[in-house]
Amino acid sequence: VAQVDHKSNAESVDKDLNNTTVILFGNPALGTPLMQKNQLAGLDLPQKILIFEDENDFVTAAYNNESYLEKRHSLEGVDALTNIANALNNFTSKVTDEALTSNDATSITANEGITIKTSANNFEETYTKLFNAIDGNPNLKIVKELDHQANAASVSLELNPTKLIVFGNPNLGSPLMQSKQTIGVDLPQKMLVWEDDQGVVKVAFNDPDFLSTRHGIVENEETLTTIKTALDNLSNAAISE
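Residues numbered from 1 in each chain as written. Predicted model: local features only at pLDDT ≥ 70, side-chain atom pairs only at ≥ 80, totals over all residues. Heavy atoms only, no water.

Student: Just give me the short version of the nonpolar core, but keep the residues and values in it.
Tutor: The biggest cluster of nonpolar side chains holds 31 residues, and the ones touching the most others in it are Leu130, Phe167 and Met191. Counting only elements with at least two residues in this core, the list comes to α5 (123–135), β7 (162–168), α7 (170–179), β8 (189–195), β9 (201–206), α8 (208–215) and α9 (221–239). Top element by residues in this core is α9. It accounts for six residues. Excluding anything up to four places from it in sequence, Met191 contacts Leu130, Lys163, Leu164, Ile165, Phe167, Ala204, Phe205, Leu231, Leu234 and Ser235. Counting residues in each nonpolar core, the second largest holds 16 residues, with Leu45, Leu75, Ile84 and Ala152 among its members. (Core = buried A, V, L, I, M, F, W, Y, C linked by side-chain atoms within 4.5 Å. Buried < 20%, exposed > 50% of the residue type's maximum accessible area, 1.4 Å probe, protein only. Helix = DSSP H or I, 4+ residues; strand = E, 2+ residues; numbered from the N terminus. Contact = heavy atoms within 4.5 Å.)

Written out as structure tokens, the structure is:
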């Protein structure tokens, strides 16, 4: 779907960062069943694998595992999770000789670290307003738009309207990765817009404080505050009449 070279993006704003690249990829036949169970899972789809090199030239592959997806989005019983787990493990085993180290996310609760807002507009109006707010901000760059509903239809599966927009600002993301490179698996920023079975439209995004705690980010309070304010303003622009 996309490849984001965090190191190059950091260099574009005169910041230093060790080699750090995240690859976004997906398979609608596996991802759609997750969103059929809970559309909010689209915030963590498509899949991502982060490849990064530390100061000792040690290269690591990392990803959000199936346990994280299951706990965060209440996906118990979805068979596709097993196939996703096997695929992610197989991919990363091809690029590293290290044994898999896994955090089974037993402490994660449903919807943890996700900010959700209900829109006063219909689905298309909400998404268009969100896109325009991001696109009109000179500090932000849109990396990718994903239409999860269209992707589902491409494999003959049904899904309510669900779109994701991926975007970022290297001036804000780079300092976080300088603190802890693993947060690169959750960057760039993402916002999900979806319409549920009752026709209610919502916007969701990851809480920066949740991500910073999860990855052990320290001494970046000002940057995190700026990110939180930006995400709040963008989402408000999308949901307001």
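Back to the write-up after that little detour.
Student: So what's going on with the sheet that holds β8? Residues and values would help.
Tutor: Taken together, five strands build an open sheet; the order of strands is β5-β9-β8-β7-β6 and the sheet is antiparallel. One side of each edge strand has no neighbouring strand; the edge strands of this open sheet are β5 (114–118) and β6 (141–147). Strand-to-strand twist of the sheet, defined as the mean angle between neighbouring strand axes without regard to direction, takes the value 20 degrees. Relative to β7, β6 runs antiparallel, the two sharing six bridges. Pairing of Ile142 across the sheet is with Phe167, part of β7. (Pairing = 2+ DSSP bridges. Axes fitted to C-alpha atoms, helices over the stretch in contact; angles between N-to-C directions.)

Student: Explain the packing of aromatic side chains to me, and be specific about the residues and the numbers.
Tutor: Both the distance between ring centres and the angle between the ring planes are used here to describe each pair of aromatic rings. Tallied over the entire structure, the rule returns one aromatic pair. Their ring planes at 80 degrees and their centres at 5.6 Å tell us that Phe25 and Phe91 sit as a pair that is edge-to-face. A residue pair is termed long-range when its members are at least 10 positions apart, and Phe25 in strand β2 (residues 20–25) and Phe91 in helix α4 (residues 80–93) qualify at 66 residues. Of the residues examined, Phe91 reaches a relative accessible area of 41% and is grouped as partly exposed. The side chain of Lys163 reaches across the aromatic face of Tyr127, ending 4.9 Å from its centre. Its end group placed over the ring of Tyr68, Arg214 keeps NZ or CZ at 4.0 Å from the ring centre. (Phe/Tyr/Trp six-rings, centres within 6.5 Å; stacked < 30°, edge-to-face > 60°. Lys NZ or Arg CZ within 6 Å of the ring centre and 35° of its normal.)

Student: Go over the packing of α5 against α9 with me, naming the residues and quoting the values.
Tutor: One way to put it is that α5 packs onto α9 with a least axis distance of 7 Å and a crossing angle of 140 degrees. Once α5 is placed against α9, the crossing between them reads as right-handed. Facing Thr126, Lys129, Leu130, Ala133 and Ile134 of α5, the residues of α9 in contact are Leu234, Ala237 and Ala238. For the contact of α5 with α9, a count of residues per class yields six nonpolar, one polar and one charged. (Left-handed = near helix turned anticlockwise from the far one by under 90°. Nonpolar A, V, L, I, M, F, W, Y, C, P; charged D, E, K, R; others polar.)

Student: Describe the sheet that holds β2, listing the residues and the values that go with them.
Tutor: Read across the sheet, four strands follow the order β1-β2-β3-β4 without closing on themselves; strand pairing throughout is antiparallel. One side of each edge strand has no neighbouring strand; the edge strands of this open sheet are β1 (2–5) and β4 (59–62). Each adjacent strand pair in this sheet contributes to an overall mean axis angle of 15 degrees, direction not counted. Where β1 and β2 come together, four bridges link them in antiparallel fashion.

Student: Residues and numbers for the environment of Glu125, please.
Tutor: Note on placement: Glu125 falls in helix α5. For Glu125, a relative accessible area of 41% corresponds to the partly exposed category. Taking the C-alpha atoms as reference points, Glu125 and Asp186, 61 residues apart in sequence, are found 27 Å from one another.

Student: Run through the packing of α8 against α9, naming residues and quoting values.
Tutor: Running from N to C, α8 and α9 point in directions that differ by 145 degrees, and their axes come no closer than 9 Å. On α9, the residues touching Pro208, Asp209 and Ser212 of α8 are Leu224, Ile227, Lys228 and Leu231.

Student: Can you tell me about the pattern of salt bridges, naming the residues and giving the values?
Tutor: A pair can form between side chains of opposite charge whenever their charged atoms are brought close. Under the criterion given, the structure shown has eight salt bridges. For Lys7, the salt bridge is made with Glu11, and the minimal N-O distance between the two is 3.4 Å. Note that Lys7 and Glu11 are positioned in helix α1 (residues 6–11) at a spacing of four residues, about one turn of the helix. Of the charged contacts, one joins Lys163 and Glu124 as a salt bridge, the two residues approaching to 3.9 Å between their closest N and O atoms. (Salt bridge = Lys/Arg side-chain N within 4 Å of Asp/Glu carboxyl O.)

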